[in-house]
Amino acid sequence: MPANESNCDQELRILRDLFRLLPSGVTVQDENGTFLLVNDAAAAQLRLAANAGQSAQLDERHENCLELLRAGRPVVLEEALTHGATRHVFLTAHRPAQVGGRKLLISNSTDISEQKAFEDQLFRSAYYDELTGLPTRRVIEHRVNGLIHRDGPVAPFALAFLDIDNFKHINDYYGHAVGDALLVELSKRLGHALRETDILSRISGDEFLLLLNPIRDQREVGDFIETMQQRLKAPFFIDQSEIFASTSIGVSLYPAHGRSYEALRQNADIAMYRVKNNGKGSTAFFDSSMEREALARMKIEQSLRLAILEKRFCCAFQPKVDIRTQDVKGIEALVRLRDDEGVIQAPGTFIDLAVELGLIDELTHLVLAEIVKSIDLINDTFGPAATISINVAAKQAGNPEFMRSFARALDDTGFPTRFMVEVTEDAFVAKSHFQDQILPILRGIGVGISIDDFGIGYSSLSALADITADEIKIDRSFITDIHQRPRSQGILRAIESLSEALGMTVIAEGIESYEELAYLQAATKIRYAQGYYFSKPIFLEDLRPAIPQTSESRASLSARPAPEGRVAYSRASGYRR
Ligand code: C2E
Ligand code: MG
Ligand code: MG
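Heads up: these notes are all about the structure in this document. Bear in mind the structure is a predicted one, so any value in this text is a computation, not a measurement. (Residues numbered from 1 in each chain as written. Chains lettered and ligands numbered in written order. Predicted model: local features only at pLDDT ≥ 70, side-chain atom pairs only at ≥ 80, totals over all residues. Heavy atoms only, no water.)

**Details of unusual backbone geometry**
The bulk of non-glycine residues show a negative phi, and the bulk of peptide bonds are trans. Here is the rule we go by: The way it works is that DSSP assigns letters per residue, a run of H or I at least four long becomes a helix, a run of E at least two long becomes a strand, and they are numbered from the N terminus.
That bond from Asn-213 to Pro-214 is cis: its omega, -5°, falls within 30 degrees of zero. Relative to the helices and strands, Pro-214 resides in the loop between β9 (207-212) and α8 (218-233). Here the bond from Tyr-254 into Pro-255 is cis, since omega is 5°, no more than 30 degrees from zero. Along the chain, Pro-255 falls in the loop between β12 (247-254) and α9 (261-277). A positive phi angle, near 70°, is found at Ala-193, a position not held by glycine. You will see that Lys-311, though not glycine, has its phi angle at about 55°, which is positive. Mapped onto the secondary structure, Lys-311 falls in the loop between α10 (288-309) and β14 (313-322).

What follows is the structure, encoded as structure tokens:
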């Protein structure tokens, strides 16, 4: 403390220093707006000289703020800084106060640049898609609602639902980085030639919504979308790959197909679904027959969910037969659903839906549980050495999380080496995790791998060389009438010799006639087959009364076609029909 300083001076000095160092900005101005006091924080935030005294004046922008501050209203000052950054300062003032006979305006200022930047980021992610920069679902919904609820007459407009075909395959095959780049390029092509009043938005992974507003009639929309489809047909060049992508599009029109955003979006979605079911890559306008279809589908969906909940599934078993000895090498479990009315449904009616709805994993575990429950009967019927094949959808096969849990369940049965997992070629596409991550796990516990429906999937014959499987099942489409189809015979020979070289067992699927069997026996080295000729898939409980009680355990088949619904089995003990 300086020697001659009084207590009062000392207090004043401390107060002045405290004022200067306050973390939040404080200024005091007279009625003319002249700054009487400015602390360090305010000086930095408002770019004023600290302790500016009488001379510090506000520029014009600040003058406007002052007006608001005098009225007691808070103000946000926005100021562009160098490097493209922006500073935001939040100013609040108390109503002018009488201090020492003068009317003074005391204001507080806080730098809120960080909060503002965060807020902006939240806004952008709510309203703009990060990858493509397109507006999100909220924006288009808001716009459509705005159009519908506007005062006065509303001009017709169209809402189109776009879904990229087989995007999952593209992602699996080329990887996510290429998939993302494709989405960006695609959205550019889709957005081409749109008017100011149209909006293209990305609403989820590979789905887009397009608002065309206003429109004259359906024909105009049809022509526009046709041109758009044509534009999409040209290949995309991404990361040195030439990628072809097509899009399925469903369109609904306001007001003919709905008077709310929700109804229009849903009906456009229903129309798109129709396109997907009819071969993809084209456009459909909504019509009321589609609505009935969608309702029927929803009913199936509901009953499938219920069936899973109530475990209304059972298995039919079809043997794989040695075509020379008639011995049963193994069996394939084929799932069946008992519907609400007790009618047995084949998997063709529900497997794809179960995959789509994410119910297939549970279903596969139910199939395994059913096998475990019936294992004694299986052993009695087909012998304890018969392998047991379970079908796994390609989507499941590429999902490490599911496959790990499934492998654990197979191991927990105590007889994992009896099992074979049947997957289609799709499971082996380059970027799927099946080959590199899942296969070693299955092999580790002794489970066999079978390639189902070979020949109709994506892979070529040469791709077989990269696939490591124990068994290959040639699709029924090659086997039907094989004895009179030279082309199929050639393909069969090629698959046969390649599989032999790779050490894979070949199974012919779907043998129905003696002629087909005779051809395989005479002209090929194929040992095993499956088909109605030997036996339709059968329920074990149907079999129970037919099995004589004997200690013989090896099963074989009579080489006669099984009559529908009856069992053509007999055991090697001589029980033959
Ligand atoms: P898949 O695995 O190729 O099974 C063979 C299908 O062909 C079975 O149809 C079988 O009944 C039928 N089949 C066998 N021999 C003949 C024949 O000589 N002629 C004709 N026309 N058909 C024959 P199903 O049981 O209707 O199963 C169809 C498909 O459903 C299966 O084809 C399989 O891909 C799938 N599936 C069946 N069960 C399951 C399951 O538990 N999980 C999964 N993910 N898929 C399953
Ligand atoms: Mg199969
Ligand atoms: Mg098959």
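**Things to note about the coordination of the magnesium ion (ligand 3)**
To keep it simple, the criterion reads: Metal donors were taken as nitrogen, oxygen and sulfur atoms no farther than 2.8 Å from the ion, or 3.2 Å where the ion is Na, K or Ca. Water is excluded, so coordination may look unfinished. To sort residues, take the accessible area from a 1.4 Å probe on protein chains only and compare it with the maximum for the residue type: under 20% means buried, over 50% means exposed, and anything in between is partly exposed.
Within the protein, the magnesium ion (ligand 3) binds to Asp-452 (OD), Asp-453 (OD), Glu-509 (OE) and Glu-509 (OE); these donor distances fall in the range 1.9 to 2.6 Å. Here the donor residues for the magnesium ion (ligand 3) map to a single chain with the spacing D-D-x55-E. Distance-wise, the magnesium ion (ligand 2) is placed 4.1 Å from the magnesium ion (ligand 3), both being coordinated by Asp-452. With a gap of 56 residues between them, Asp-453 in strand β19 (residues 448-454) and Glu-509 in the loop between β21 (505-508) and α19 (514-523) connect regions that are remote in the sequence. According to the relative accessible area criterion, Asp-453 is partly exposed, its value standing at 24%.

**Digging into the sheet that holds β12**
Note the threshold: Pairing between strands is defined by DSSP: at least two bridges between the two strands are required. Between the N-to-C directions of two axes lies an angle of 0 to 180 degrees, each axis being a line fitted to C-alpha atoms and, for a helix, fitted only over the stretch in contact. Whether two residues are in contact is decided by their heavy atoms: any pair within 4.5 Å suffices.
Spatially, the five strands line up as an open sheet ordered β8-β9-β7-β12-β13, and their pairing is mixed. Strands with a single pairing partner mark the edges of an open sheet, and in this sheet they are β8 (199-204) and β13 (283-285). Strand-to-strand twist in this sheet, taken as the mean axis angle between neighbours without regard to direction, amounts to 20°. Pairing of β8 with β9, which is carried by five bridges, proceeds in the antiparallel orientation. The residue bridging Ser-201 from the neighbouring strand is Leu-209, located in β9. The strands touched by helix α7 (residues 176-191) within the sheet are β7 (157-164), β8, β9 and β12, with β8 carrying the most contacts at an inclination of about 150°.

**Notes on a nonpolar patch on the surface**
Note the cut-off: Two joining distances apply to patches: 9 Å for like charges and 5 Å for nonpolar side chains (Val, Leu, Ile, Met, Phe, Trp, Tyr), and every residue must have over 30% relative accessible area and no salt bridge. The Shrake-Rupley method, run with a 1.4 Å probe, gives the accessible areas here. Residue values count only the displayed protein chains as cover. Salt bridge criterion: a side-chain nitrogen from Lys or Arg within 4 Å of a carboxyl oxygen from Asp or Glu.
Together, Ile-14, Leu-15 and Leu-18 make up a nonpolar patch on the protein surface, roughly 300 Å² of accessible area in all. Of note, Leu-15 is situated in helix α1 (residues 7-21). When its relative accessible area of 52% is taken as the criterion, Leu-15 is described as exposed.

**Here's the deal with the pattern of salt bridges**
One pass over the structure, following the stated rule, counts 25 salt bridges. With a closest N to O distance of 4.0 Å, Glu-301 and Arg-297 form a salt bridge. Within this pair, Glu-301 and its partner Arg-297 are both found in helix α10, separated by four residues, close to a single helical turn. Taking relative accessible area as the criterion, Glu-301 reaches 15% and is therefore assigned buried. In this structure, Arg-312 and Glu-310 form a salt bridge, with 2.9 Å as the shortest nitrogen-oxygen distance. A residue is classified by how much of its surface remains accessible, and Arg-312, at 17% relative accessible area, is buried. The exposure class of Glu-310 is partly exposed, given its relative accessible area of 45%.

**Description of the coordination of the magnesium ion (ligand 2)**
Listed as protein donors to the magnesium ion (ligand 2) are Glu-332 (OE), Asn-391 (OD1), Glu-422 (OE) and Asp-452 (OD); their distances from the metal cover 2.0 to 2.2 Å. Donor residues for the magnesium ion (ligand 2), ordered by position in the chain, follow E-x58-N-x30-E-x29-D.

**Quick look at the nonpolar core**
Applied cut-off: Only buried Ala, Val, Leu, Ile, Met, Phe, Trp, Tyr and Cys residues count toward a nonpolar core, and they belong to the same one when joined by side-chain atoms within 4.5 Å.
By size, the foremost hydrophobic cluster in this structure holds 78 residues, and its most contacted members are Leu-304, Phe-313, Leu-410, Phe-434 and Leu-442. Looking at which element gives the most residues to this core, the answer is helix α12 (residues 360-373), with six residues. Apart from the residues within four sequence positions on either side, Phe-313 is in contact with Leu-304, Ala-307, Ile-308, Val-335, Arg-336, Leu-337, Phe-350, Leu-363, Leu-366 and Glu-370. Ranked by size, the runner-up nonpolar core spans 29 residues in total, among them Ile-170, Leu-182, Met-228 and Leu-253.

**Let's talk about helix α5 (residues 137-148)**
Our working rule: Expected helix span is given by 1.5 Å per residue-to-residue step, counting one fewer step than there are residues. Picture the helix axis, draw a direction to every C-beta atom, and the arc is the one those directions span.
Over its 12 residues, α5 runs 17 Å from end to end, which matches the ideal 16 Å to within 8%, given 1.5 Å per residue. For α5, every residue scored as buried is listed here: Ile-140, Val-144, Leu-147 and Ile-148. Buried positions in α5, seen along its axis, are confined to an arc of 95° and lie on one side of it. Those residues of α5 that are buried lie in contact with β7, β8, β9, β12 and α9.

**What to know about the pairing of β7**
Extensive coverage of β7 is indicated by the burial of eight of its eight residues. Of the two faces of β7, both are covered, the one formed by Phe-157, Leu-159, Phe-161 and Asp-163 as well as the one formed by Ala-158, Ala-160, Leu-162 and Ile-164. Strand direction decides the pairing type here: β7 and β12, joined by eight bridges, are antiparallel. Looking at β12, one finds that Leu-162 is bridged to Ile-249. Strand direction decides the pairing type here: β7 and β9, joined by six bridges, are antiparallel. Within the sheet, the bridge partner assigned to Phe-161 lies in β9 and is Leu-209.

**Examining the site of ligand 1**
Selection rule: By convention in this text, a residue qualifies as near a molecule or strand provided that one of its non-hydrogen atoms is within 4 Å of it. Under the rule applied, a polar contact is a pair of N or O atoms within 3.5 Å (in protein, one hydrogen donor and one hydrogen acceptor; residues adjacent in sequence only if both atoms are side-chain atoms). Under the scheme applied, nonpolar residues are Ala, Val, Leu, Ile, Met, Phe, Trp, Tyr, Cys and Pro; charged residues are Asp, Glu, Lys and Arg; polar residues are all the others, including Gly.
For ligand 1, the set of nearby residues contains 22 residues, the closest of which are Arg-336, Asn-391, Asp-452, Glu-512 and Tyr-532. In this structure, Ile-511 approaches ligand 1 through a main-chain N or O atom, which is 3.4 Å from an oxygen atom. Separating an oxygen atom of ligand 1 from a backbone N or O atom of Tyr-532 is a distance of 2.8 Å. Every element with two or more residues in the shell around ligand 1 is listed here: β15 (328-338), α12 and β19. Looking at the shell around ligand 1, the element that brings in the most residues is β15, giving four residues. The class makeup of the residues in the shell around ligand 1 is 10 nonpolar, four polar and eight charged.

**A look at the state of the cysteines**
Selection criterion: Throughout, disulfides are identified as pairs of cysteine sulfur atoms within 2.5 Å of each other.
The tally for this structure, following the rule as stated, stands at zero disulfides. Just so you know, Cys-315 is unpaired, no disulfide at all, and the nearest cysteine sulfur is the one on Cys-314, 7.0 Å from it.

**Re the packing of α5 against α9**
Note the cut-off: Between 65 and 115 degrees an angle is taken as roughly perpendicular, under 35 as roughly parallel, over 145 as roughly antiparallel, and anywhere else as oblique.
Their axes nearest at 9 Å, the elements α5 and α9 cross at an angle of 120°. Overall, the two elements α5 and α9 adopt an arrangement that is oblique. Taking contact as the criterion, the partners of Arg-137, Ile-140, Glu-141, Val-144, Asn-145 and Ile-148 in α5 are, on α9, Tyr-261, Leu-264 and Arg-265. When the residues that make up the contact of α5 with α9 are grouped by side-chain class, the tally is five nonpolar, one polar and three charged.

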